[in-house]
Each structure stands twice: as C-alpha cells, then as structure tokens.
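Chain residues, written in single-letter form:
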Protein chains: 2
Amino acid sequence: MPTKIFLDEKDIPRQWYNLAADLPTPLQPPLGPDGNPITPDMLAPVFPMNLIEQEVSQERWIDIPEEILEILYRWRPSPLYRAKALEKALDTPARIYYKNEGVSPPGSHKPNTAVAQAWYNKQFGIKRLTTETGAGQWGSALSFACALIGLECKVFMVRISFDQKPFRRLMMETWGGHCIPSPSEETNAGRAILEKMPDTPGSLGIAISEAIEAAVTDPKGETRYALGSVLNHVMLHQTIIGLEAKKQLEKANEKKVDVVIGCAGGGSNFAGLSFPFVADKINGADIKIIPVEPTSCPTLTRAPFCYDHGDTAKMTPLLPMHSLGHDFVPPAIHAGGLRYHGMAPLVSQAAVEGLLEPMALHQIECYEAALLWAKTEGFISAPETSHAIAATIREAKQAKEEGKEKVIIMNWSGHGLMDLTGYQAFLEGRLHDYPLPDEELAKSLKGIEGLPKPSEAKSGKW
Amino acid sequence: MPTKIFLDEKDIPRQWYNLAADLPTPLQPPLGPDGNPITPDMLAPVFPMNLIEQEVSQERWIDIPEEILEILYRWRPSPLYRAKALEKALDTPARIYYKNEGVSPPGSHKPNTAVAQAWYNKQFGIKRLTTETGAGQWGSALSFACALIGLECKVFMVRISFDQKPFRRLMMETWGGHCIPSPSEETNAGRAILEKMPDTPGSLGIAISEAIEAAVTDPKGETRYALGSVLNHVMLHQTIIGLEAKKQLEKANEKKVDVVIGCAGGGSNFAGLSFPFVADKINGADIKIIPVEPTSCPTLTRAPFCYDHGDTAKMTPLLPMHSLGHDFVPPAIHAGGLRYHGMAPLVSQAAVEGLLEPMALHQIECYEAALLWAKTEGFISAPETSHAIAATIREAKQAKEEGKEKVIIMNWSGHGLMDLTGYQAFLEGRLHDYPLPDEELAKSLKGIEGLPKPSEAKSGKW
C-alpha cells in the first residue's frame, strides 16, 4: 500500500461540482438593502458577469476551462496520502487518508479558486483585482494567481497582520501583488476610520469595505473585487479537491468512505473536499461529514441560521447563513482563517438539511494534534488545518473503541510554515482556550435582530 | 505533455549510486593531523561505523533500506516538472525540466540524507545526534528526521541566525529538536569563545566545533555527529534525486539530456541530481554538467584543488577539495547555504577530471531569475536555488541563440518561504553584488600554505 496516491494530469476532473443543483431545499437568495432578492445585475460592479453566472448557477456540472487546468497542473492533482504513521501511533483500525493541499506554491487550497477567479476576470476584460486579507493566506494566493494570469492585484491587509506578519506581505510582493495596510488613505472608508481612530489595528470588516470601494470606484471600470471564501462560486472551484479524492480512493481500492473531515472558517476548503461526498449522502450513502470549527467562533455549532451581512460594515448583501452576528469579534486564536462570524450559504444550507455533523474544538487540543502530526506524518500544519487533524484523531480513536475498520478522509488544507508563532506559544505553554459564554453570544446576535428571517424570504431561484 | 511527471512509489530507485566507484582517478584519502591518511576507526567517535563504511565504500550501488524508503515516501519520488511557462517567457527551443525538492516537509533536498543518517545511527544504537546549522535548512531537516525515527537532536545554530531567523528555530522545535545559539555555555569550545568575545555573532566554524565536541564527549557514547553536505555518504544519499529524474525523463520520452544544473555550496544537491549523469559522461555521453556557485564564494571557479580543513577551527581531517581556505569569510549574501569555503571531495574530484563546467553568478542576477520564476512557474525559490535558475535561464537563452532544441534539467532544491528577507532587499533595491578581489583570495589562501598537496598524498584507497 503506497503512502501517496497520485493521479496523472490526464485524469484530473474536468468539471466542477455544484451542490446547489442537488440540495433538497434550494438555496435562499441574497437580499438587498430593501429586503428584496438582489439581481445578478446588482453585483456587476463588484464581480465580472461570468463569475456571477456561476454564483447563481443551478447546473450540477460546470466545465473547467483548459487554460485554468494548465495553471492548476503546477500542483494538481494534489497527492492523496495514507496517514500510515499516524494510524500506527493511534493504534487504530481506521484507514486515514488526507489530501495534501499544501503542495501549491502559496501553500494552501486557496489558489484553487484564486486562479479560477483571476482567469474569469481576465476573460471579462478586467485589468485589476482588489481583495482583503487577514492572516495573509488568501492575499498570497490571489497575488500568485494574478502574477501567472497577468492582472494587477491590490490587497488590503489588516494593519496588525501587516505589521506582525511581514513574511506574508513579502510573499505577495514577490508575486507582484501590491499590499497595503488597512485602514489606508486610499479609500473614503479608510480615511474616515483613520480620522476617528488613527491608531486602529484594523479589521477584516474595514479591509473588505476598502477593497470593495477600491473596485467599484475605478473610473475606467477595469477593476473588480475577489473573495476567497463564503460565495457559491468559491465553493464550486474548490470541489476539484473532493472530485480528485474520489478518483484516488478508487485507485486505492476503497469502496466506501465513512467519515469526511475539513476545518471550516468561511467554508471553502471543507466544501471543496466534502461536497462530492455530500452528493453521495443526499443519494443515500451512509457518511459522517464533519466541518470542524473553533469553540471560540462556533458558527455551525451554536449560531442560528439567519440572514446576515458578510462584513462588519454591512456593505455586502444579506446572505442566508449560520452567523454569530456581523458585530461578533472572535478572540485572537491563532487559526485566523477560522475567525469568521458567518459561514458559506451552501455549507449552512447543507447543515440545515442535516447533511453535516459539525464539531467545535479548542485550540490547545488542535495544537496537540498538530504536534503529533508533525512527529508522525512529518508535515507542519496550518493552525486552521490542525482543527481537521484533531477531529480526525477523535474519529480514529472512536473507530478503535468500536473496533471498526472505518475509512476517514481529511483535507490537509495547508502548511503552517508562515504561522510558527502559534506553535511557539503552544510549546512555551502560553496558549489559552476561549469558550464563548452564552451571554456574549446573545449580545452579538442582537445585531441581526430586525433583519429578514430565512423562513420569510421569497423563494429560492434568483 | 504534462506539467509534472510523477513516479509511483513502487518505481522508486532502490539503490543509491556511488560515483567513487567510477571516477577515472580514485579519490584521495582524508589526512589526519600527522599528514597520514586517517583510518575508518579514527572516525568512530564522530560517526557510526555503518555510515563510515558508506563513506569509504567503492561499491557502485548501495541498497536503500526499506525502512528509509518508507519515510522518504512522504515526499519521494519527487515530481519532475516541465517548466513550460518559463520556456514560453524565454521563447526558447530548449525543453526545461526541474526536480521539485521543495515538496519535502522541511522544504528542501536536505532530508534525503537526514533521514538516512538518522536511520543508520538508530540502527547502530545511537540515541542522540548533534549538528550545526547556519541559515537553518539542515538543522530543520535533521530535526524532522530525528522526530520520525526516534532520536534526540541537538542543533547548534549560529547565534546571529538564531536571533534573526526565529521561524527556522521554531520549525526545529516543532519537530522536537533542541536548538541552541552558538557559541554556547555547553561546550569547552563555546565557553572559550564566549569568554574572549561575549558579543560574538558566532560562525559556522564555531558551531561545528561545538557540535563535534558535544558528540564525542558524551560519557555514555550514545551521541554522534551529523553533517548535511561535503562528505561522500551525504552525496550518496542525495543521488536518489538524479536516479528518479532519469526514470522520469524516460517516461517523458526524452532520450538525451544536454545540460544538467544544480547550485553548489557544499555540493550535495548538485551531486544528488548530477552524479548519475556524470556516470553517463564518464561513459562517453555528451552532457554539459554545471555546478553553480556565487561569485562571492567561487570555490570551483577560482579556488585551487588542495588539502584543507572542513571547518575554521581545524577540527576536521584534511579533505582533498577545492577550497578558498578555511579562514575565508564570504560576504553576507542571502544564499547562506552557498557560503562555504570548501567543496565536497567527490564534486571537487569530478571537476578536476574535467567532468564539470562550473559557473559563478552574482546574486542580483539570481534574484532577477527567481522573480521571473515566481511569476511564471509560480514557486518562490530558496536563494541558493535561484543560482541554478539563473544558470538555467542562461543556458536556455544560449539554446535560442544556437537554435537548438536542448534538454536542460535543473535541481529546484528548495522553496524560499523562510528566506523572504532576501526578496525584500532585492525588491527594495538594497541588494549588492560582491565580486572577490584577487588580493583577498590570495590572502585567504595563505591559510593552506604548508598543508600537504594532493599530488603528494599517498594513494587513494582507504
């Protein structure tokens, strides 16, 4: 039994899978400021129409353009690993597989959609993309994609990350990305904040506002905005992970998968691996599908399914999703990519349908898992990914207790070589867990009072 | 034509190739303090006997133990890439291939030998390895290997790197390595230096002295020392790179290779890719084999072939090699791994035989090449690796001038995600080239005056 199962480039999936086509209940539409469903046209200043078409598509399969595949080949198909050393350390009868998304040049799953988004924008005649980044994984991926495809890229990076993570910024600049600390003097939103709070560390909400403003105010109309998670077309582009995994499991002679695991912040790496398996589950397969989130930001495990804004500044449409409230400020856990108040509507809807079994974990358990991983499988994991590892270890231990030969597959969404300060804090015993008190959750949920309820929204199709 | 050529694990090479068996003139022996060839026994306090046997072996092929392969499978066989985007950017008729050694958990070729050395030490009953590290790539690789194999690992890291590169240290500690700044209070060598120069930034020479002392003074005899380059057994372990590459080129239907390129500091990644092709050249094949070094540390291009110590403190035996003199202090170029005064005896001897065509390049040209690489092939390269890229670009341009469809293969020895400050200096225009003035070279070569000459040494076999 090999450690890695490769897939030749000629066998790469040539279509993305769209879960929207198969959800038992159709997705609720996004709502505009007036509470009415927004139309695709209303998104046109923000995104190119070819991506908006994907955003609203109900087609089950969408062709992947050959030119996108040609770029993805730099790391795709990504290898599927059998975690033999971890299995041995746990003495589990489970067979554990993981997709290694850390082999991409920026080191995570993010470029799967960054490349697609950059390519569709280029096709549409766009010259420049703007985006925001917190910890920097998405900003790196978009800078990389724009470099290869020939677009300018401007990244508004939350100021405190900009100051604390110079290496992430340097990655973006090496690919030619223009990375500026947010709030900046370049936008009205940024200037207004700086006037009031010149010393603010910034926030993702502010950075999103600046990135959208910078896109929609380009007088030549040659700039658009790109988002690294949450939206339907982002989930779509990530499904290549799960589609590859299915072919690789077949090569490994695995007939049945029992457990599918991914960490979930906005939802994209989880969706990428799991959606093709969610489809099987809709069709009757017995699979446990686990999105893993931090207990300090428990979107799927404790937040309601509601309409809420995607950003703090309420610039985005209302999205139907599990949300802790757009005012929610999660504690400073090291898994920055999991510190998002909402969750992708497609992931949220699948959870509402009972297709998922979400799990919330504390970060110390996750770092313990990541350490065991480093000393068995060998790779140093991103702090986000460590949540998926910890859940995998729990499931493998349960398989041992039950004496069952379960097949577990996990998305190893990225390496942690740019995030070693979290490991340092853990090794030095300086790490804390942050359970979310009920009263704090109740307080942040006040922000969604008065917004429309999904149960009241007009019917699904856009 | 695919971008990547995979090799299944079942097709991995099962023997290392030993160039010592095929060199037209046998290697000269290392000499002890008395000028006489040292015996294997004299090395026993420093290395385990099974590795010493490899060091002196004249066997052409040496079996790779299955348990070593089982660990290498985490990233081996490494993919062979066709650099299609770079070819297009250069508009060259050359077909450019590269081995991606950056896919290993520590991100470079170094674990190829770290795993083997740790395994042989473990077999020999050793409990603990010591080593030194400058920039940190080797210390990371050995920490990784020791974690997986179950040895303690102590790394003496040059103090200035220890202070300036906390992420490298954190990598080692994540794998359980014990990393301490050198000079330290733990050894006589370290204490003596600290007494004289309490504020010294340290040097590789001092760190080697400390690591060897820490190994040989273990009262229980359970500790040995490990070196990441230069020695024959290190070159041996790296040949898996070139042996894989040959199989992959065959899969790509390439019948003939014209140019083989690797950067060369101590020589190990260059040897790893090139030695199997050097064997072809010895047998009459027409191949241009290029080790690439910095003009600021021009060991193969400007230094004599002589007997010299491997370290500044003259603790090692005298090795027959190209050397700038053990007192040589190279300028602070960013490619720390290429700042070594000597060169592996096997590489040096191959150069003496006329089998290699060494090239020296300035670092600004190398960073320009690395930027083009990042924007075409997508990967961010280690500053050492950028030297191989720059040479590849020169050769590809020459192929265009000559109108020849040459096949070029290069070793992409590692990623640069831990080395982004060099990119920053380059992007900000703060980078300098450092040609080596004749008089400075003459001065440092004074240090080898009076040492035995290779032409006078007793015959080759140990």
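Now for a quick tour of the structure. (Residues numbered from 1 in each chain as written. Chains lettered and ligands numbered in written order. Predicted model: local features only at pLDDT ≥ 70, side-chain atom pairs only at ≥ 80, totals over all residues. Heavy atoms only, no water.)

**A look at the packing of helix α7 (residues 166-174) of chain A against helix α17 (residues 420-427) of chain B**
Now for step 1: At a closest axis distance of 9 Å, the pairing of α7 of chain A and α17 of chain B adopts a crossing angle of 55°. In this view, α7 of chain A runs oblique relative to α17 of chain B, as classed from their interaxial angle. The interaxial crossing formed by α7 of chain A with α17 of chain B has left-handed handedness. Residue-level contacts link Phe167, Arg169, Leu170, Met171, Glu173 and Thr174 of chain A of α7 of chain A to Leu420, Thr421, Tyr423, Gln424 and Leu427 of chain B of α17 of chain B. (Axes fitted to C-alpha atoms, helices over the stretch in contact; angles between N-to-C directions. Helix = DSSP H or I, 4+ residues; strand = E, 2+ residues; numbered from the N terminus. Parallel < 35°, antiparallel > 145°, perpendicular 65-115°, else oblique. Left-handed = near helix turned anticlockwise from the far one by under 90°. Contact = heavy atoms within 4.5 Å.)

**What to know about the side chain of serine 323 of chain A**
Now for step 1: Mapping serine 323 of chain A onto the fold places it in the loop between β13 (318-322) and α14 (345-352).
Now for step 2: Aside from chain neighbours lying at most four places away, what touches serine 323 of chain A is Thr299, Ala303, Pro304, Cys306, Asp308, His341, Gly342 and Leu445 of chain A.

**As for the pairing of strand β15 (residues 407-412) of chain A**
Along any regular strand, the residues point their side chains to alternate faces of the sheet.
Residue and element names in this part refer to chain A.
Now for step 1: Most of β15 is tucked away: six of the six residues are buried.
Now for step 2: In β15, alternate side chains face the same way, and those of Val407, Ile409 and Asn411 on one face and Ile408, Met410 and Trp412 on the other are all buried.
Now for step 3: The sheet contact formed by strand β5 (residues 95-100) and β15 spans six bridges and is parallel. Looking across to β15, one finds that tyrosine 97 is bridged to isoleucine 409.
Now for step 4: As judged from the three bridges shared by strand β10 (residues 259-263) and β15, these two strands associate in the parallel manner. Its bridge partner being in β15, valine 260 is matched across the sheet by isoleucine 409. (Buried < 20%, exposed > 50% of the residue type's maximum accessible area, 1.4 Å probe, protein only. Pairing = 2+ DSSP bridges.)

**A look at the interface of chain A and chain B**
Now for step 1: Counting residues at the interface gives 46 residues for chain A and 46 residues for chain B.
Now for step 2: Regarding the contact of chain A and chain B, the summed buried area is about 3900 Å², with carbon and sulfur atoms giving 61% of it.
Now for step 3: On the chain A side of the interface with chain B, the three residues burying the most area are Phe6, Arg74 and Thr174 of chain A, jointly 17% of the side's total.
Now for step 4: Seen at the junction of chain A and chain B, the total is four salt bridges.
Now for step 5: There are 20 residue pairs in polar contact (both at pLDDT 80 or more) connecting chain A and chain B.
Now for step 6: Only α3 (84-90), α5 (137-149), α7, α15 (363-376) and α17 (420-427) of chain A provide two or more residues apiece to the side of chain A that touches chain B.
Now for step 7: Here the side of chain A that touches chain B is built from residues that sort into 26 nonpolar, nine polar and eleven charged. (Buried area = accessible area lost by both parts, 1.4 Å probe. Salt bridge = Lys/Arg side-chain N within 4 Å of Asp/Glu carboxyl O. Polar contact = N/O pair within 3.5 Å; in protein donor to acceptor, adjacent residues only side chain to side chain. Nonpolar A, V, L, I, M, F, W, Y, C, P; charged D, E, K, R; others polar.)

**Here we look at the environment of valine 352 of chain B**
Residue and element names in this part refer to chain B.
Now for step 1: With respect to the secondary-structure elements, valine 352 resides in helix α14 (residues 345-352).
Now for step 2: Taking the C-alpha atoms as reference, valine 352 lies 28 Å from methionine 42; in sequence the two are 310 residues apart.
Now for step 3: Discounting residues that sit within four places of it in the chain, valine 352 has contacts with Phe305 and His322.

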